[in-house]
Amino acid sequence: METAALVAPITGLELFQDRFLLTGEGPVLSVYSLLPRPNVGASLTVLQHYRIHGIRVRSRDTVPTQDSTVSEKNSASTSSFYDLAIFGGKAVRLVRLHLECQDVETLRLETLGPLLELRDWALDVRWLSSDKQSLLCVAVAHNGALLLDSTTGSALVQCSCLEGCLLYSALLLVHDSWADTVLVGGTVFNQIIIWKPGRGDEVINAGHKAPIECRLLGHSGVIFSVSYLQENGYLASASDDRSIRVWGVGALGGPGGKCGDPNPTCLRVLYGHQARVFSVRLSGRYAFSGGEDGACLVWDLIEGGKVIQTLKGHRAGGVRSLAVGGGTGDGERWVATGGADGGVRLWKVGDVEEKESLEEKLTDLKFPGPALPKVVCLVGGEEEKTYWSRFLVCTDRGTVCQYSSGSWETIWEGPAEFSSYCVMETVTVLERNAATLVTLCAVGNISGSIQVFPTSSPLSGVRLTGRPGKIHSVIWKKETDNLYLLTSGAEGFICRWCVEVEMTENCSLVLSVEPLPPFLLPLCSKRWLTAAVRLRRDSNKVLWVCGDRRGSLLLFQEGENVELNQTDHEKLGKGSQRKEEEERDSALRPLSCLFGVHGKHGVTSVCEYQGLLYSTGKDGCVRIFRTRREDGEFRLELLRVQRACRGMEWLERVFILESEIKKGEEPENAIGEEPREARFVIAGFHGVHFVVWDPVRQERLMAVACGGGHRSWSLWPSHTGVWPGRGALVFIKQGAVLTSQPPGEMLGCAGDAGRTGGWSLRDGIHGRGIWCVCRLGRIEETGIDSQAARTGSSKSYWEVVVTGGEDTSLAVLAINPVSGIIKVLSVLTDHISGVRTATAITRPQGETLSALVLSAGGRAQIQCNRLLVAWDRQRLAPSCQVIQVASHRLDAQWEKKRNRHKTVKMDPESRYMSIEVLQEETGCVLVALSCSDGALRLFSVNESENQIELLWETFYHQRCVLSVATCSLQDDKGNRSRLLLSAATDGNIAVWRLTESLSVPAQDPSGAAAPPIPCLVIPAHQSGVNSLAVWVEKLGQQEDGCLVTVASGGDDGQLTVSTVRAHHLEDGEPVGSRGFSHTGDDRAAQDNPSNQFQLRLHSQFSIPLAHAASLTALKLLSPGLLVSTSSDQRVCLWRVSSTGISHNGALCSHVADATGLAVWEEEEEEEVDEMMGSDAVLEETVDPVCKTGEEEETTDDLGNPEDRDTSTASCEDRKKTAKVGWILVCGHGFQLLRLRNAGMDAETWQKKK
């Protein structure tokens, strides 16, 4: 077995020379080159079954190599190497990093010698600098130290402290010799102790134990990390009590092994983290700390120990590792963080002036009085992508002022009707003849008038008259050929004009305005326009999608005047005066309406990108929808809803990520049949902050303390609709015009990414534990630019899986099993509690993978989504489109009951534990769910009606039902039956027979649902049954019926395999005539009296200690081959036959707390070696990307590689199509394993054995 992909917490980080970053993920060591831009260089598996916790670098001299036959200038190449000591758990290993510079810098990792295994956990490792031989100092967990010969792995000196306590952290300070070594340890008793391992040889005591030289007291929790800065004698400690303490200890280590001041003092106690602090580093005047809250805080130790910057780029689970660079001449230093989500982030942190948070960098533009600013807008076009320096402000007295070059000037003064109330909007367009940029400003007043003028020539403006009454909003819409102005007036009228800008011969601007038929909003409260977007269909029909203040989305068509249907009238209200009807005959009415889709607080924006529409509102949701033509009419169809972070309810707009748009690509306005959803970010208000939020990475990209909503604001670069990775905000607060960046400052310089959001070297997946996983299928790379086409190799494909976890999110992932690359396609945040279980029904549709995904979890919530996954030929990456189908919650259904006061409300702590698809019909799917309240429930999912309905429920188990499974039976006579198996915390497995009458809600005379009665109860475990695996085997012609094999794993660590014989009795055959025990299925017999169904327990085998802990997941890979996993981190294979259960191998996984498991088989071409046999073995072999030297030697033992690879033809002859098994283990991370020869049947295995 080999590892194809791995995601685990990043537990080791090291920066050196400000050029390279080393990361440890599980046993895998990776190196990143930081210059000119951070990118991964090489990876290698080094610690086998241990997790990397530390990396120590020892540099070597550069060795130049030169070819004498070529000129020195062209042929000189340089190669250098660095020796690394990698440690974690009870292991240490030496690795060499080769740096080869010839045209292109190349990185290569190589293991030096075998794995050095210790008897105790290694907490720190250091190289002795002056020794000629490779000696390592190792600090171990039981307050001891070792001096190791790294070549032989033998311990030359072993010393322990007189105080034999357990250490949680340790820091070794070494100099030239072992006698100069000083150990600083953080104990489980909340203390920091300092002692010298070298003194153990001088002190006369049994066992050569050294005394404690100094003890630091003050923490109220265990010490997780310590750091020492020799420049000023500071020692910093991070603790479980959420604090960082800085101690003045003086000189530690160095010549003679100094132990610091005899009476050290605590200089600072720093509180700022919201959870435990895992790591701390000192650099210059600053301290850097990483905690369980996912934040890395930067502290200024001189300025009172305050937090001057917060670096946050990881999800829940926290920062597990931290590395800080030494700093450069310009005062900047690299900071790297590794998270529990498997992500790696990199920042550039400069001096204190640059480290101030965005809230402290607000710039007041000093708006002159006495008028107060009311509306602010940006001035600039798409060509001004780097600088922002001009703004327009409309005051409460109807004047428009412009800020440019650091000063304000009044460019337009409105008449008296503009003084009491006005709204303003600007747009920048390109004048066709002169090819110059012109900024137009539109100002509306309370009497229905609109003044439109260019900012460069306000006297050239025109006055437009709309419907009498207040102008609620003014909207500019710029298209390729035309410019449109929309104003929302009284009584729901939307006046429209087409505006053109021309320049005369004397270089003066002239505006020509053409009125267009108005739109009429349906009757409702708050009847005015808030957003609009223009679409052009393939049939040259022009559509408008508008959002109103009532929260509705409306679809209009140019030249069409269609009345809403009766359903829309009932929602919007009907009836009006006959006089008003006559006035509105010329107005265009909506074709379709999604009434109140964004709640009562209104729609804030609508935009379109490549066929899909994105709308935002003050309900905290982004809704993605499209237009469809049904029966000759256009309709709005909602695809899915994307929620922002918790507490972020006021959303303003959506920005497409710049990485989604390729250079030279023009956005498509036409809406295709299967549009692709783009990656986007959400801008809105979160409390008093204006926030830009990434819903996939679940992190803030920008935050400005503006005071919250209900203010005028404008964001650069809002005119493009694209988020380039940085932005600037101008807003009005308490009569002042403020900006988040000084006007005229260049945005988007090379270092901005590192200073603000940092570089994401690797994206995180789930911050907390992954509870469930479901495989959807595989997609193949297509097109001439695919990886297979470029390399000329065989077909390249991606495995698509869905994972759900404790962080309440559902992630859609694409995994490349060859390269190990993992891409996050989409993150669904519809669940309000943890996702416990998920299943899918997959149907290939050409090159598109279509899957109906059902997920369930806490709060008894079910979510149903349709996923469309395909290969994107433009981006050369997998893409996913999510369509939300339906959702269901038990407490929501309880609220709809008529006599709910007579029933007990559902416990809010109820959660679904397992889900299984029972039956799939056209447009309807039946699913069974087990629930923690002791119920077994059957639901029907109707995709066409977007509905999930509860059919029946039973409380037979009277305790938490942990798992469900199903199977279908059919004998030679055509008799069919479907069995449902459920298991609870009492260790029993109940077998139910499902009939057709159970697919509809059956009611008994009392009005309650009539659930079935179990046919058979199988006692299998002493405690809860966590997982079930079921398969069916037909008996021979001499015996009728089928054998149903039920494999179960429980909390008792036991694996049980029960075989049940099922039989349909013939007419007149007495019950029990063939030895069957009929527990009772009277209702099933009444439904079909001619075909009575009998079940009996045929045989049962068990392995009491299949795992050292509770067996959490069990899956059937192939008939007779089971895969199990447990929290003991082992993945086991089991062979099941008629005579018993046989253990077929085990592998130690790198995933902690494994709870989810997915297995599948695929036919692939692989090279078969007869000497290797055909057994399905479970052994740790070479990673496809990370191959160690020791593993290369093991491979060479199987034969001479030169003999095996004598010719290409012979290699091709050995390639055969074989079944390959894939195992995906999930917990705190996940690991994809490849199993060779998984398709071997039981008979072949017995012969091989």
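All of these numbers come straight from a predicted model, not from anything done at the bench. (Residues numbered from 1 in each chain as written. Predicted model: local features only at pLDDT ≥ 70, side-chain atom pairs only at ≥ 80, totals over all residues. Heavy atoms only, no water.)

## Here we look at the overall build of the chain
On a plain count of helices and strands, the chain comes out with twelve helices and 88 strands. Among the 1249 residues that make up the chain, the fraction classed as buried is 56%. For the chain, the proportion of contacts with a sequence separation of at least 24, taken over those separated by at least 6, is 56%. With the model as given, the accessible surface of the chain reaches about 52,600 Å², and the carbon-plus-sulfur share is 46%. (Helix = DSSP H or I, 4+ residues; strand = E, 2+ residues; numbered from the N terminus. Buried < 20%, exposed > 50% of the residue type's maximum accessible area, 1.4 Å probe, protein only. Contact = heavy atoms within 4.5 Å. Areas by Shrake-Rupley, 256 points an atom, 1.4 Å probe, with all protein chains shown as cover.)

## What about the UniProt feature "repeat: WD" (unreviewed entry) in the chain?
Taking the numbering used here, the UniProt-annotated feature "repeat: WD" (unreviewed entry) corresponds to residues 216–247 and 270–309. Summarising residues 216–247: 0% helix, 59% strand, and an end-to-end C-alpha distance of 9 Å. (UniProt positions renumbered as here; feature names shortened; annotations may be inferred.)

## Things to note about the sheet that holds strand β45 (residues 509–520)
With respect to topology, four strands assemble into an open sheet ordered β42-β43-β44-β45, the strand pairing being antiparallel. At either margin of the open sheet sits one strand with a lone partner, and together these are β42 (473–478) and β45. Within this sheet the neighbouring strands show an average axis-to-axis angle of 25°, counted without direction. The sheet contact formed by β42 and strand β43 (residues 483–488) spans six bridges and is antiparallel. Pairing of Lys477 across the sheet is with Tyr484, part of β43. (Pairing = 2+ DSSP bridges. Axes fitted to C-alpha atoms, helices over the stretch in contact; angles between N-to-C directions.)

## Observations regarding the environment of Ser1023
In this structure, Ser1023 sits in the loop between β78 (1016–1019) and β79 (1025–1034). Between the alpha carbons of Ser1023 and Asp1052 there is a distance of 6.2 Å; along the sequence they are 29 residues apart. Here Ser1023 is in contact with Ala984, Thr985, Asp986, Gly987, Asp1051 and Asp1052, once residues within four sequence places are set aside. Within the local environment of Ser1023, its side chain forms a polar contact with the backbone nitrogen of Asp1052, the two atoms lying 3.4 Å apart. (Polar contact = N/O pair within 3.5 Å; in protein donor to acceptor, adjacent residues only side chain to side chain.)

## A few points about the packing of aromatic side chains
Both the distance between ring centres and the angle between the ring planes are used here to describe each pair of aromatic rings. Here the structure, examined in full by the defined rule, presents 23 aromatic pairs. Ring centres of Phe519 and Phe556 lie 4.3 Å apart, and the angle between their planes is 10°; on these two criteria the pair is classed as stacked. Here the residue Phe519 occupies a position in strand β45, and Phe556 occupies one in strand β48 (residues 553–557), the gap between them amounting to 37 residues. Three or more aromatic residues joined by ring pairs form one cluster here, namely Phe367, Phe391, Tyr403 and Trp408. (Phe/Tyr/Trp six-rings, centres within 6.5 Å; stacked < 30°, edge-to-face > 60°.)

## Comments concerning the confidence of the model for the chain
Reading predicted coordinates in detail is not appropriate for stretches of low pLDDT. Mean pLDDT over the chain stands at 81; residues scoring 70 or higher make up 80%. For residues 1169–1177, every residue scores under 50 in pLDDT, and the model assigns this stretch 26 contacts once sequence neighbours within four places are set aside. (pLDDT = per-residue confidence, 0-100.)

## Let's talk about the pattern of salt bridges
This structure, assessed with the given rule, holds 37 salt bridges. A salt bridge links Arg56 to Asp124; its shortest N-O distance comes to 2.8 Å. Of this pair, Arg56 sits in strand β6 (residues 54–59) while Asp124 sits in strand β11 (residues 122–127), and the two are 68 residues apart along the sequence. We classify Arg56 as buried; its relative accessible area is 16%. Put simply, Glu558 and Arg496 hold a salt bridge, and the shortest N to O gap is 2.7 Å. Of the two residues, Glu558 is situated in the loop between β48 and α3 (566–572) and Arg496 in strand β44 (residues 493–503); the sequence distance between them amounts to 62 residues. When its relative accessible area of 25% is taken as the criterion, Glu558 is described as partly exposed. Classification of Arg496 by relative accessible area gives buried; the value is 2%. Through salt bridges with shared partners, a single ionic network connects Glu14, Arg56, Asp124 and Arg126. (Salt bridge = Lys/Arg side-chain N within 4 Å of Asp/Glu carboxyl O.)

## As for the sheet that holds strand β73 (residues 936–942)
Strand order in the open sheet formed by four strands is β71-β72-β73-β74, and the pairing between neighbours is antiparallel. Each edge of the sheet is formed by a strand with only one pairing partner; in this case those strands are β71 (912–921) and β74 (947–954). In this sheet, neighbouring strand axes are inclined to one another by 25° on average, regardless of whether the strands run parallel or antiparallel. Both strand β72 (residues 924–931) and β73 contribute to a ladder of seven bridges, which runs antiparallel. Opposite Leu929, over in β73, you have Arg937 as the bridge partner.

## Some thoughts on the pairing of β72
For β72, the tally of buried residues reaches seven of eight residues, placing the bulk of the element in the interior. Judged from the eight bridges that link them, β71 and β72 form a sheet pairing that is antiparallel. Residue Glu920 lies in a different strand from β72, and its bridge partner there is Val925. As consecutive antiparallel partners, β71 and β72 are separated by two residues, and within that stretch Gly923 has a phi angle of approximately 80°, a positive value.

## Regarding unusual backbone geometry
Its identity as a non-glycine residue notwithstanding, Lys366 has a phi of 55°, on the positive side. Looking at where Lys366 falls in the secondary structure, it is placed in the loop between β33 (363–364) and β34 (373–378). Assessed through its relative accessible area of 63%, Lys366 is described here as exposed. The phi dihedral of Arg859 is positive, around 60°, even though this residue is not glycine. You can see Arg859 is positioned in the loop between β68 (848–857) and β69 (861–872).

## Side note on the environment of Ile302
Within the element layout of this structure, Ile302 appears in the loop between β28 (295–300) and β29 (306–312). Of the residues examined, Ile302 reaches a relative accessible area of 56% and is grouped as exposed. Separated by 17 residues in sequence, Ile302 and Arg285 place their C-alpha atoms 6.5 Å apart. Apart from residues no more than four positions distant in its own chain, Ile302 is found in contact with Arg268 and Arg285.

## Observations concerning the pairing of strand β61 (residues 736–739)
Of the two faces of β61, the one lined by Ala736 and Leu738 and the one lined by Val737 and Thr739 are each fully buried. As paired strands, β33 and β61 are joined by two bridges and run antiparallel to one another. Across the sheet, residue Asp364 finds its bridge partner in β61, namely Leu738. In terms of strand pairing, strand β60 (residues 728–733) meets β61 through four bridges, oriented antiparallel. Within β61, the position partnered with Val730 by the bridge is Thr739. In this structure, the hairpin formed by β60 and β61 is closed by a connection of two residues, where Gln734 is found at a positive phi of approximately 55°.

## Description of the side chain of Arg333
Mapping Arg333 onto the fold places it in strand β31 (residues 333–339). A polar contact of 3.0 Å, which involves the side chain of Arg333, links it to the side chain of Ser283.

## So, the state of the cysteines
Under the criterion given, the structure shown has zero disulfides. The thiol of Cys377 is unpaired, and the distance to the nearest cysteine sulfur, on Cys441, comes to 6.9 Å. With relative accessibility at 6%, the residue Cys377 sits in the buried group. Free cysteine: Cys931, not disulfide-bonded; nearest cysteine sulfur from Cys960 at 7.8 Å. (Disulfide = S-S within 2.5 Å.)

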